[in-house]
Amino acid sequence: MFERDIERALCQRVSELGGMCEKFTSANRKGVPDRIISLPGGVIIFVECKAPGARPTRLQLRDHERRRALGFDVRVIDNLGAANAFPN
């Protein structure tokens with residue numbers, strides 16, 4: 001199983017929920033989460049997808065901490081079960 005498989009499953013699940021699952025890149029900043037997810041009701045969730053057993057880098061973890069300090073929901077998804085059960 002690859003990270004792209006988990007990302008694909010996550011995007012499918014978000015679509016089923018009526019949301020948007022957009023790829024997130026930044027020209028000025030490294031370590032940003034892979035996806036910005038917008039759900040009905042104005043819910044925004046940042047998601048870092050990883051292959052099973054893989055962990056976020058220190059740079060990614062630092063970015064996650066900063067976003068959480070601002071009040072955002074930031075998650076790491078590393079398996080199909082979690083992708084298919086999103087947003088739980």
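Just above sits the structure.
Computed from a prediction, not measured in an experiment: that's the story for all the values here. (Residues numbered from 1 in each chain as written. Predicted model: local features only at pLDDT ≥ 70, side-chain atom pairs only at ≥ 80, totals over all residues. Heavy atoms only, no water.)

Side chains of Ile44, Leu70 and Phe72 sit close together on the surface and give an oily, nonpolar patch of about 290 Å² of accessible area. Among the secondary structure elements, Leu70 is positioned in the loop between α2 (58–69) and β4 (73–77). (Patch = residues over 30% accessible without salt bridge, like charges linked within 9 Å, V, L, I, M, F, W, Y side chains within 5 Å. Areas by Shrake-Rupley, 256 points an atom, 1.4 Å probe, with all protein chains shown as cover. Salt bridge = Lys/Arg side-chain N within 4 Å of Asp/Glu carboxyl O. Helix = DSSP H or I, 4+ residues; strand = E, 2+ residues; numbered from the N terminus.)

Following Phe86, the chain continues into Pro87 via a peptide bond in cis, with omega recorded as 15°. As for its placement among the helices and strands, Pro87 is situated in the segment after α3 (80–85).

In this section: the sheet that holds strand β3 (residues 43–49). Read from one edge of the open sheet, 4 strands run β1-β2-β3-β4, paired in mixed fashion. Two strands lie at the open edges of the sheet, namely β1 (20–23) and β4, each paired on one side alone. Looking at each pair of strands side by side, their axes are set apart by 25° on average, direction ignored. Where β1 meets strand β2 (residues 35–39), 4 bridges bridge the pair, whose relative direction is antiparallel. Counterpart to Glu22 in the pairing with β2 is Ile36. Contacts from α2 reach β3 and β4, with the element oriented near 150° to β4. (Pairing = 2+ DSSP bridges. Axes fitted to C-alpha atoms, helices over the stretch in contact; angles between N-to-C directions. Contact = heavy atoms within 4.5 Å.)

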